[in-house]
Amino acid sequence: MTTATGIGTFTVRPLDPVEDAPLLHGWVTHPKAAFWMMQEARLHDVEREYMAIAASEHHDAFIGVLDGEPVFLMERYDPRYVELVGLYEPEPGDVGMHFLVAPSDTPVHGFTRAVITAVMEQLFADPATRRVVVEPDVANTAVHALNEAVGFVPEREIQKPEKKALLSFCTRERFAKAVAA
């Protein structure tokens, strides 16, 4: 699927755990990816993590591409089975999401917002998706602002095994209203 933004046109392809591991390793171990919690990961750790995701029927990973260059990682998961089991009451049509923008030496103003917008469009392209659920670290104020910009509303803090997270939701209607503004 492709998504046109003010930055350009993003395409999304399934992640290949073996082929993409070296690229992802550079992204998830970069200092800007501290909230991804893989700073100390070795290449085989990254490959193993994404092989497990690829094998899961409830979790998928994708690479976002702009002008032929991989520029972001997107994960989609079913919160009934992954990440949020027992931490909230899932509703029909809930889809969990993670995204990571590739580090860049030449940042482009508005790029990360264009990425999260493209990610949300990808998720809402599935008519079964009623709302998107995220659980970023409570200390990740930059992503909270991005989430709010595309229509997420925080519900409450939750304690996950690896972090204290801000459980937030975005309905299809809130997303449409946010990106139309």
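Quantities reported herein were computed from a predicted structural model and do not represent experimental measurements. (Residues numbered from 1 in each chain as written. Predicted model: local features only at pLDDT ≥ 70, side-chain atom pairs only at ≥ 80, totals over all residues. Heavy atoms only, no water.)

**Overview of the overall build of the protein**
Per the secondary structure count, the protein includes five helices and eight strands. Across the protein, helices and strands are ordered from the amino to the carboxyl terminus as β-β-α-α-β-β-β-α-β-α-β-β-α. A compact globule built from 181 residues should have a C-alpha radius of gyration of about 16 Å, and the protein, at 15 Å, falls within 12% of that. Burial statistics for the protein: of 181 residues in total, 46% are counted as buried. Accessible surface for the protein amounts to roughly 9400 Å². Of this, 54% is attributable to carbon and sulfur atoms. Positive and negative side-chain charges of the protein, numbering 16 and 27 respectively, have mean locations separated by a distance of 6 Å. (Helix = DSSP H or I, 4+ residues; strand = E, 2+ residues; numbered from the N terminus. Rg over C-alpha atoms; globule rule 2.2 N^0.38 Å. Buried < 20%, exposed > 50% of the residue type's maximum accessible area, 1.4 Å probe, protein only. Areas by Shrake-Rupley, 256 points an atom, 1.4 Å probe, with all protein chains shown as cover. Lys, Arg positive; Asp, Glu negative; His and termini not counted. Charge placed at Lys NZ, Arg CZ, Asp CG, Glu CD.)

**Focus: the pairing of strand 3 (residues 59-66)**
Across the eight residues that make up strand 3, a large majority, seven, are buried. Examined bridge by bridge, strand 2 (residues 9-14) and strand 3 share five bridges and lie antiparallel to one another. Following the sheet pairing, Thr11 is matched in strand 3 by Val65. Note that strand 3 and strand 4 (residues 69-77) share eight bridges and pair antiparallel. Its bridge partner lying in strand 4, Val65 is registered against Pro70. Counted along the chain from strand 3 to the antiparallel partner strand 4, the turn is two residues long, and its residue Asp67 has a positive phi close to 50 degrees. (Pairing = 2+ DSSP bridges.)

**Describing the side chain of His144**
Structurally, the position occupied by His144 is in helix 4 (residues 141-149). Given the relative accessible area of 17%, His144 is considered buried. Not counting chain neighbours up to four residues away, the residues in contact with His144 comprise Pro136, Asp137, Val138, Ala139 and Leu166. (Contact = heavy atoms within 4.5 Å.)

**A look at the pattern of salt bridges**
Across all of its chains, the model carries 13 salt bridges by this definition. Where Asp60 meets Arg76, a salt bridge forms, and the shortest distance between an N and an O atom there is 2.7 Å. Of this pair, Asp60 sits in strand 3 while Arg76 sits in strand 4; the two residues are 16 residues apart in sequence, bridging distant segments of the chain. Among the residues examined, Arg76 registers a relative accessible area of 31% and is labelled partly exposed. Ionic pairing is found between Glu157 and Lys164, a salt bridge with its closest N-O pair at 3.7 Å. The partly exposed category is assigned to Lys164, whose relative accessible area is 40%. Among the ionic contacts, a cluster of salt bridges with common partners joins Glu83, Glu135, Lys160, Glu162 and Lys163. (Salt bridge = Lys/Arg side-chain N within 4 Å of Asp/Glu carboxyl O.)

**Some thoughts on the packing of aromatic side chains**
In this description, an aromatic ring pair is defined by two values, namely the gap between the centres and the angle between the planes. By the definition in use, this model includes four aromatic pairs. Each ring, one from Phe10 and one from Phe72, has its centre 5.5 Å from the other, and the planes form 75 degrees; the classification is edge-to-face. Linking Phe10 in strand 2 with Phe72 in strand 4, this pair joins segments that are 62 residues apart in sequence. Taking relative accessible area as the criterion, Phe72 reaches 0% and is therefore assigned buried. When the ring of Tyr88 is compared with that of Phe169, the centres are 5.5 Å apart and the planes differ by 50 degrees; the resulting orientation is tilted. Taken as a pair, Tyr88 in the loop between strand 4 and strand 5 (94-101) and Phe169 in strand 8 (residues 164-171) lie far apart in primary sequence, 81 residues in all. Ring-pair connections join several aromatic residues into one group, and the members of that group are Phe10, Phe72 and Phe111. (Phe/Tyr/Trp six-rings, centres within 6.5 Å; stacked < 30°, edge-to-face > 60°.)

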